[in-house]
Amino acid sequence: MTEQPAAPEQPAAPAGPARTDFADGEWHRLHPATPLFRGGIAFVAIIGVLIVNLRDRLLAIFVGADDDDFVSGGDLESDAIDYIVREELIIVALLVGIGVLALIVAGFWLSWRVHMFRITDEVVEVRSGILFRTNRKARLDRIQGINIARPFVPRLFGAAKLEISVAGNDANVPLAYLRGADADALRRDILLLASGAQRAGRPADPAAPAAADAAGSGIGGMLEQRAAELLAPELDVEVAQPQSVVHMNPGRLIGSTLLSETTIILVAMLVALTVFIAITGELGLLLAMFPGLIGLGGFLVTRITRSLRYSIAATPDGVRVGFGLLSTTNETLPPGRIHSVKISQPLLWRPAGWWQIAVNRASRSSQNGAAGQQQTTILPVGNLDDVRAVLRLLLPEVATDEAMPVLEQGILGRDADGGYTVSPPRARVLRWFSRRRNGYLVGPTAVLLRAGAIWRSLTIVPLTRTQSVAVRQGPLLRALRLGEVHVHTVAGPIVPSIGALDRRDAMRLFDDVARASVSAAQADTSHRWRQA
Amino acid sequence: MTTTPDPTPAAEPDASGTDASTTDASSIDASTEPPSLVRPETEWQRVSPRYIPVDMIGTLIFGAIATAAGFLPYWFGWQEGWFIGAGIAVIFLITLALTPRRVRAIGYLLREDDLLFRRGIMFQRFVAVPYGRMQLVDISRGPIARAFGLAELKFVTAAALSGVLIPGLPLAEAEQLRDHLVAVAETRRAGL
């Protein structure tokens, strides 16, 4: 990773106190409107529901309709209100209501008061809670990724949610909510601290600090700023090197979604339904299947809207993946946080030449990824050029220019082209069509496992990230003198393994990976990626 | 990749001295070599023979319960149902008979930079775990193993599938091994 191209002595650098001061090691509070975004909207909704339910009663009070046509149905709420009216406790009830309201507001305010965070050179720390106090610390050099999510309503108010993920399940430190510009600056600062670069050497931020000042110029200025933020492109061009950006073509996105398994299920259901109705003339089944159909259709629409405006780009502190039309999300993965990469092709995408890329990561973000999938799907759909570009971003030390032909052989090739070792002919019993594709290659920086002739895939495991390696043989493989090898990485959608190898090849792969991963791990410095 | 592995195994660099088998094995005619996985290492650390009765007692208890459950349909009046229980009993008896062989196949080896672990005869499995990848070491003792003075050691990495569980170690040996592993892991510490 090279240093950010921005000039360090930019005169516009003395950004306001709202910018990088978050990372000064002192305690800070979140966006003042946080309670509103977190619980306030639900609170307003509850009041709305109450009002709707009391509508008849209110109408009766204001319009003065008599109670003859009032059909209470005997539900609890009406009875309680009847009781209050009968016993003339309206004043008491109102007081109680106001008291509860005040308590809730005070609770929200207090929880905002005590919810504080600080970022030091070593850790990011959050403390929160009134009755049950929690205090969470995450070491900066263990950061697996930083995610900035802008759900639709907070986004309207210019707020964003920053989530720092460290390794493990539910091991995230959320900072919800911050001002949008602050969130971006804070992420840059945290990553800079985590990278091992010196605090003094922090490069000045080229992204406009004027945005923060604009808020001061009255409501009109604020609205203008909101509108500008809403309409701004999802990816700030100044953050990323433009040549490294991969965008999603909307036509391809819609096409790939239509060619997915879900669509096939949907179409099959519709056809079955039509045939059934045509034969029996009964419409009952239509009603029964309606919710399922709506659900599937909704799933497809969500997939498309979530992946719109998808982009993946290189920044000085890692790969940035962003997407979303109304609610936007973008995540920065520092170098060396990707434990394995799988390039695969669903059968129906084959005529179009589309591929998707998934990764294994040590952390699980609570935010869903593009296409409503887990955030492990880095590239929902792309052609071979996109695959190449994304591989360069994800694994720069593996996907070098010299290695590209070998990787392409892994994606498309078969037999020993590119140096792969494939299954012997006797493995045809187990790999009917893919015998000549089923192979491996141990490169200087990664293990490549190639598989599948119908559902083609290539799994890349960087040697710096392998946890252990195993070779196995059961009775069936024994009879065929074959073996299988598993390369263990952190848990994720990818299980890197290769079966039906000649047992001697399997043992050689085992030895090579065991030896190479030890030396690679010793040379690895990615936990402090900018430290010399 | 800048370098591709040499297709002729004989030319492979012999870095640690432990993979001489690849050169040897390829020179042997495939018909004379056993079809199983062959490792060059011969001096495996084996688990205590006292683990055989521990494993057998465990299998026996579990097998008795499973067999009794298998006979339930028979006792509840299904006259032809006896074969379920009988089948389960036969499976457990075979497992029991193979226990000594299976226990003797468990072995581990402390190599220069990683721990090599093997188990299984019918289902062979070899695992190599670099010391630097260790997240924690667990020593646990079940009631039967404790009666025999044994413990089992679990080497945990960030990958759930690593699965290095060495049973049947005498307690002192297990603790010594744990301390050794922690010490070498500290000197070779790697990131995640």
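A.B. asks: For the overall build of chain B, give the residues involved together with the corresponding values.
C.D. replies: A tally of regular secondary structure across chain B gives six helices and seven strands. Beginning at the N terminus, the succession of helices and strands in chain B can be written as α-β-α-α-α-β-β-β-β-α-β-β-α. Burial analysis of chain B (192 residues in total) assigns 39% to the buried set. Approximately 10100 Å² of chain B is accessible, and the part contributed by carbon and sulfur atoms is 64%.

A.B. asks: Before we move on, can you summarise the sheet that holds strand S18 (residues 457-462) of chain A with the specific residues and values?
C.D. replies: Residue and element names in this part refer to chain A. The antiparallel open sheet is built from seven strands, whose spatial order is S14-S13-S12-S18-S17-S16-S15. The sheet terminates laterally at strand S14 (377-382) and strand S15 (421-422), the two strands that pair on one side only. Bridge count for strand S12 (residues 338-344) against S18 is four bridges, and the pairing is antiparallel. Bridge pairing links Lys-342 to Thr-459 in S18. Contacting S15, strand S16 (439-442) and strand S17 (446-451), helix H15 (residues 503-523) crosses the sheet at an angle of about 30 degrees to S16.

A.B. asks: An account of unusual backbone geometry is needed here, citing residue identities and associated values.
C.D. replies: Residue and element names in this part refer to chain A. Between Ala-176 and Tyr-177 the backbone carries a cis peptide bond, its omega angle lying at 0 degrees. Its place among the elements puts Tyr-177 in strand S7 (residues 172-179). For Asp-415, which is not glycine, the phi torsion reads 55 degrees and is therefore positive. Structurally, the position occupied by Asp-415 is in the loop between helix H13 (404-412) and S15. Of note, Arg-481 is a non-glycine position whose phi angle comes to about 55 degrees, a positive value.

A.B. asks: Mind laying out the nonpolar core, listing which residues take part and the relevant values?
C.D. replies: A:Ile312, A:Val341, A:Ile343, A:Ile378, A:Leu394, A:Leu448 and A:Ile460 are the most contacted members of the largest nonpolar core, which has 41 residues in total. Setting aside anything within four residues of it in sequence, one finds A:Ile378 in contact with A:Tyr310, A:Ile312, A:Val321, A:Leu333, A:Ile357, A:Ala358, A:Val359, A:Val390 and A:Leu394.

A.B. asks: Give me the environment of A:Thr400: which residues, what numbers.
C.D. replies: Mapped onto the secondary structure, A:Thr400 falls in the loop between helix H12 (384-394) and H13. For the pair A:Thr400 and A:Arg388, spaced 12 residues apart in the sequence, the C-alpha separation amounts to 9.9 Å.

A.B. asks: Describe the side chain of A:Ser457, listing the residues and the values that go with them.
C.D. replies: Residue and element names in this part refer to chain A. Locating Ser-457 in the fold gives a position in strand S18. Overall, the relative accessible area of 11% leaves Ser-457 in the buried class. Not counting residues up to four positions away in its chain, the partners in contact with Ser-457 are Lys-342, Ile-343, Ser-344, Gly-410, Arg-437, Leu-449, Arg-450 and Ala-451.

A.B. asks: Describe in detail the confidence of the model for chain B, supporting the description with residues and values.
C.D. replies: On average, residues of chain B carry a pLDDT of 82, and 83% of them reach 70 or more. Low pLDDT, under 50, characterises residues 1-29 of chain B; the stretch is placed with 53 contacts to residues that sit more than four places away or in other chains.

A.B. asks: Lay out the sheet that holds strand S6 (residues 150-156) of chain B with the relevant residues and their values.
C.D. replies: All names here are of chain B. With antiparallel pairing, the three strands of this open sheet are ordered in space as S5-S6-S7. Edge strands, defined here as strands with exactly one partner in the open sheet, are strand S5 (136-140) and strand S7 (164-170). Taking each pair of neighbouring strands and ignoring which way they run, the sheet shows an average axis angle of 20 degrees. Here S6 runs beside S7; their pairing, made up of five bridges, is antiparallel. Note on S7: the bridge partner recorded for Lys-154 is Leu-165.

A.B. asks: Break down the interface of chain B and chain A for me, citing the residues and quoting the values.
C.D. replies: With 46 residues of chain B at the contact, the number on the chain A side is 49 residues. Applying the counting criterion to the chain B and chain A interface returns one salt bridge. For A:Asp511, the salt bridge is made with B:Arg39, and the minimal N-O distance between the two is 3.1 Å. One can count 13 residue pairs in polar contact (both at pLDDT 80 or more) joining chain B with chain A. Of all the elements in the fold, those that place two or more residues in the side of chain B that touches chain A are helix H1 (20-27), strand S3 (114-119) and strand S4 (124-130) of chain B. The element that contributes the greatest number of residues to the side of chain B that touches chain A is S4(B), accounting for seven residues. Within the side of chain B that touches chain A, the residues separate by chemical class into 26 nonpolar, 10 polar and 10 charged. Pairing analysis gives five bridges linking strand S19 (residues 468-473) of chain A to S4(B), with the strands arranged antiparallel. Across the sheet, the residue bridging to A:Arg472 is B:Arg125, located in S4(B).

A.B. asks: Explain the pairing of strand S21 (residues 497-502) of chain A to me, and be specific about the residues and the numbers.
C.D. replies: Residues and elements named next belong to chain A. Burial runs high along S21: five of the six residues are buried. Direction of pairing for strand S20 (residues 482-488) relative to S21: antiparallel, over a ladder of four bridges. Residue Val-485 lies in a different strand from S21, and its bridge partner there is Ile-498.

A.B. asks: Describe in detail a nonpolar patch on the surface, supporting the description with residues and values.
C.D. replies: Residue and element names in this part refer to chain A. On the surface, a cluster of nonpolar side chains totalling about 710 Å² of accessible area is made up of Tyr-83, Leu-89, Ile-91, Val-92, Leu-95, Val-96, Val-100 and Ile-104. Among the elements that line the nonpolar patch, the one with the most residues is helix H4 (residues 90-114), at six residues. Relative to the elements of secondary structure, Leu-89 occurs in the loop between helix H3 (76-86) and H4.

A.B. asks: Just give me the short version of H12(A), but keep the residues and values in it.
C.D. replies: Within H12(A), the full set of buried residues consists of A:Leu384, A:Asp386, A:Val387, A:Val390, A:Leu391, A:Leu393 and A:Leu394. Where H12(A) begins, the capping side chain belongs to A:Asn383, and its oxygen is found 3.1 Å from the backbone nitrogen of A:Asp385.

A.B. asks: Lay out the confidence of the model for chain A with the relevant residues and their values.
C.D. replies: Residues and elements named next belong to chain A. Scored by pLDDT, chain A comes out at a mean of 79, with 82% of its residues at no less than 70. Below a pLDDT of 50 lies the segment residues 1-19, which in the model reaches 26 contacts outside its immediate sequence neighbourhood of four places, other chains included. Taken together, the stretch residues 68-74 has pLDDT below 50 and engages in four contacts with residues farther than four places along the chain or on a different chain.

A.B. asks: Talk me through the side chain of B:Ser162; I want residue IDs and the actual numbers.
C.D. replies: Mapped onto the elements, B:Ser162 comes out in the loop between S6 and S7. Here B:Ser162 is in contact with A:Ser468, A:His488, B:Arg125, B:Val127 and B:Thr157, once residues within four sequence places are set aside.

A.B. asks: Talk me through the pattern of salt bridges; I want residue IDs and the actual numbers.
C.D. replies: If you walk through the whole model with that rule in mind, you get 22 salt bridges over all chains. Among the ionic pairs, A:Arg508 bridges to A:Asp505, the shortest N-O distance being 3.1 Å. Of this pair, A:Arg508 and A:Asp505 both sit in helix H15, three residues apart, which is roughly one turn of that helix. Taking relative accessible area as the criterion, A:Arg508 reaches 10% and is therefore assigned buried. Given a relative accessible area of 14%, A:Asp505 falls into the buried group. Close ionic contact of B:Arg178 with B:Asp179 constitutes a salt bridge, the shortest N to O distance being 3.4 Å. Members of the salt-bridge network, linked through shared partners, are A:Asp511, B:Arg39, B:Glu41, B:Arg111 and B:Asp114.

A.B. asks: Account for the packing of aromatic side chains, with residues named and values stated.
C.D. replies: Applying the stated rule across the entire model yields six aromatic pairs over all chains. For the ring pair B:Trp44 and B:Phe126, a centre distance of 6.2 Å and an interplane angle of 45 degrees mean the geometry is tilted. Taken together, the positions of B:Trp44 in the loop between H1 and strand S1 (45-46) and B:Phe126 in strand S4 put the pair 82 residues apart, joining distant regions of the chain. When its relative accessible area of 9% is taken as the criterion, B:Trp44 is described as buried. You can call B:Phe126 buried: its relative accessible area is 1%. With a centroid separation of 6.2 Å and an interplanar angle of 70 degrees, the aromatic rings of B:Trp78 and B:Phe83 are classed as edge-to-face. What makes B:Trp78 partly exposed here is its relative accessible area of 41%. Among the aromatic residues, those joined into a ring-pair cluster are B:Phe71, B:Tyr74 and B:Trp75. Sitting over the ring of A:Trp112, A:Arg29 keeps its end group 5.9 Å from the ring centre. A cation over a ring is seen here: A:Arg127 above A:Trp27, with NZ or CZ 4.0 Å from the ring centre.

Here is what the cut-offs are and how they apply
Residues numbered from 1 in each chain as written. Chains lettered and ligands numbered in written order. Predicted model: local features only at pLDDT ≥ 70, side-chain atom pairs only at ≥ 80, totals over all residues. Heavy atoms only, no water. Helix = DSSP H or I, 4+ residues; strand = E, 2+ residues; numbered from the N terminus. Buried < 20%, exposed > 50% of the residue type's maximum accessible area, 1.4 Å probe, protein only. Areas by Shrake-Rupley, 256 points an atom, 1.4 Å probe, with all protein chains shown as cover. Pairing = 2+ DSSP bridges. Contact = heavy atoms within 4.5 Å. Axes fitted to C-alpha atoms, helices over the stretch in contact; angles between N-to-C directions. Core = buried A, V, L, I, M, F, W, Y, C linked by side-chain atoms within 4.5 Å. pLDDT = per-residue confidence, 0-100. Salt bridge = Lys/Arg side-chain N within 4 Å of Asp/Glu carboxyl O. Polar contact = N/O pair within 3.5 Å; in protein donor to acceptor, adjacent residues only side chain to side chain. Nonpolar A, V, L, I, M, F, W, Y, C, P; charged D, E, K, R; others polar. Patch = residues over 30% accessible without salt bridge, like charges linked within 9 Å, V, L, I, M, F, W, Y side chains within 5 Å. Phe/Tyr/Trp six-rings, centres within 6.5 Å; stacked < 30°, edge-to-face > 60°. Lys NZ or Arg CZ within 6 Å of the ring centre and 35° of its normal.

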